[in-house]
Amino acid sequence: MKHIAFSFILSAMLFCSCGSNSTKSEITPEMAYEGVSNYCHSEYDWSMAKDNPDIMGVQMGEESDSAYQVVFRSYTGAFVNFYVDKASGTTRMEEYVPNLDVKEEVGTINLFDYIDKNE
């Protein structure tokens with residue numbers, strides 16, 4: 001009887017520890033926003049928005065089961081959609097120019113490269 005109880009407790013501990021490890025590595029919406037915003041502020045020229053901050057910006061888009069969408073709007077009218085994989089942090093970028101109705105893949109980044117490590 002003690003053997004069965006011990007096996008049950010051990011199984012429960014293993015099950016609980018596996019579940020907690022997977023949630024620690026999952027990307028949150030706040031992490032997705034922070035990483036993309038940091039990327040955009042380091043890679044794009046924001047000087048045009050100094051006097052008029054409304055012409056450029058970063059905002060959260062739609063969410064799916066596996067990814068967050070974060071959208072960067074440029075002063076030129078173009079949009080860059082960032083699709084952040086919730087499990088890995090791999091972020092696919094797709095640029096869309098509405099005036100020309102042109103959409104193209106423009107690369108990937110690792111979100112963890114743009115998140116503050118001190119948090």
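In short, a report on the structure.

**A word on the overall build of the chain**
Part 1 of the reasoning: When helices and strands are tallied, the chain shows 2 helices and 5 strands.
Part 2 of the reasoning: Sequence separation of 24 or more characterises 32% of the internal contacts of the chain that already satisfy a separation of 6 or more.
Part 3 of the reasoning: Counting every atom, the chain has about 8,300 Å² of accessible surface; 56% of that belongs to carbon and sulfur.

**Details of the pattern of salt bridges**
Part 1 of the reasoning: The final tally for this structure, using the stated rule, is 3 salt bridges.
Part 2 of the reasoning: Where Glu-94 meets Arg-92, a salt bridge forms, and the shortest distance between an N and an O atom there is 3.8 Å.
Part 3 of the reasoning: Accessibility expressed as a relative area gives 13% for Glu-94, which makes it buried.
Part 4 of the reasoning: Overall, Arg-92 belongs to the partly exposed group, its relative accessible area being 33%.

**Things to note about the side chain of Glu-34**
Part 1 of the reasoning: Tracing the backbone shows Glu-34 in helix 2 (residues 29-43).
Part 2 of the reasoning: A distance of 3.0 Å separates a polar side-chain atom of Glu-34 from the backbone nitrogen of Asp-116.

**Some points on the environment of Asp-45**
Part 1 of the reasoning: Considering the arrangement of structural elements, one finds Asp-45 in the loop between helix 2 and strand 1 (57-63).
Part 2 of the reasoning: Taking the C-alpha atoms as reference points, Asp-45 and Met-56, 11 residues apart in sequence, are found 10.0 Å from one another.
Part 3 of the reasoning: Not counting residues up to four positions away in its chain, the partners in contact with Asp-45 are Met-56 and Tyr-75.
Part 4 of the reasoning: At 2.7 Å, the side chain of Asp-45 and the side chain of Ser-47 are in polar contact.

**Let's talk about the pairing of strand 3 (residues 79-85)**
Part 1 of the reasoning: Note: strand 2 (residues 67-73) against strand 3, 7 bridges, orientation antiparallel. By the bridge assignment for strand 3, Ala-67 is matched with Asp-85.
Part 2 of the reasoning: What sits between strand 2 and strand 3 in their antiparallel hairpin is a turn of 5 residues, with Gly-77 showing a positive phi close to 100 degrees.
Part 3 of the reasoning: Bridge count for strand 3 against strand 4 (residues 90-97) is 6 bridges, and the pairing is antiparallel. Along strand 4, the bridge assignment pairs Phe-79 with Tyr-96.
Part 4 of the reasoning: The hairpin formed by strand 3 and strand 4 contains 4 residues between the paired strands, and Gly-89 there has a positive phi angle of roughly 85 degrees.

**So, the nonpolar core**
Part 1 of the reasoning: With 19 residues, the main nonpolar core has Val-36, Cys-40, Phe-72, Phe-82 and Val-84 as its most contacted residues.
Part 2 of the reasoning: Those elements giving two or more residues to this core turn out to be helix 2, strand 2 and strand 3.
Part 3 of the reasoning: When residues of this core are assigned to their parent elements, the largest contribution, 4 residues, is made by helix 2.

What counts and what doesn't
- Residues numbered from 1 in each chain as written.
- Predicted model: local features only at pLDDT ≥ 70, side-chain atom pairs only at ≥ 80, totals over all residues.
- Heavy atoms only, no water.
- Helix = DSSP H or I, 4+ residues; strand = E, 2+ residues; numbered from the N terminus.
- Contact = heavy atoms within 4.5 Å.
- Areas by Shrake-Rupley, 256 points an atom, 1.4 Å probe, with all protein chains shown as cover.
- Salt bridge = Lys/Arg side-chain N within 4 Å of Asp/Glu carboxyl O.
- Buried < 20%, exposed > 50% of the residue type's maximum accessible area, 1.4 Å probe, protein only.
- Polar contact = N/O pair within 3.5 Å; in protein donor to acceptor, adjacent residues only side chain to side chain.
- Pairing = 2+ DSSP bridges.
- Core = buried A, V, L, I, M, F, W, Y, C linked by side-chain atoms within 4.5 Å.

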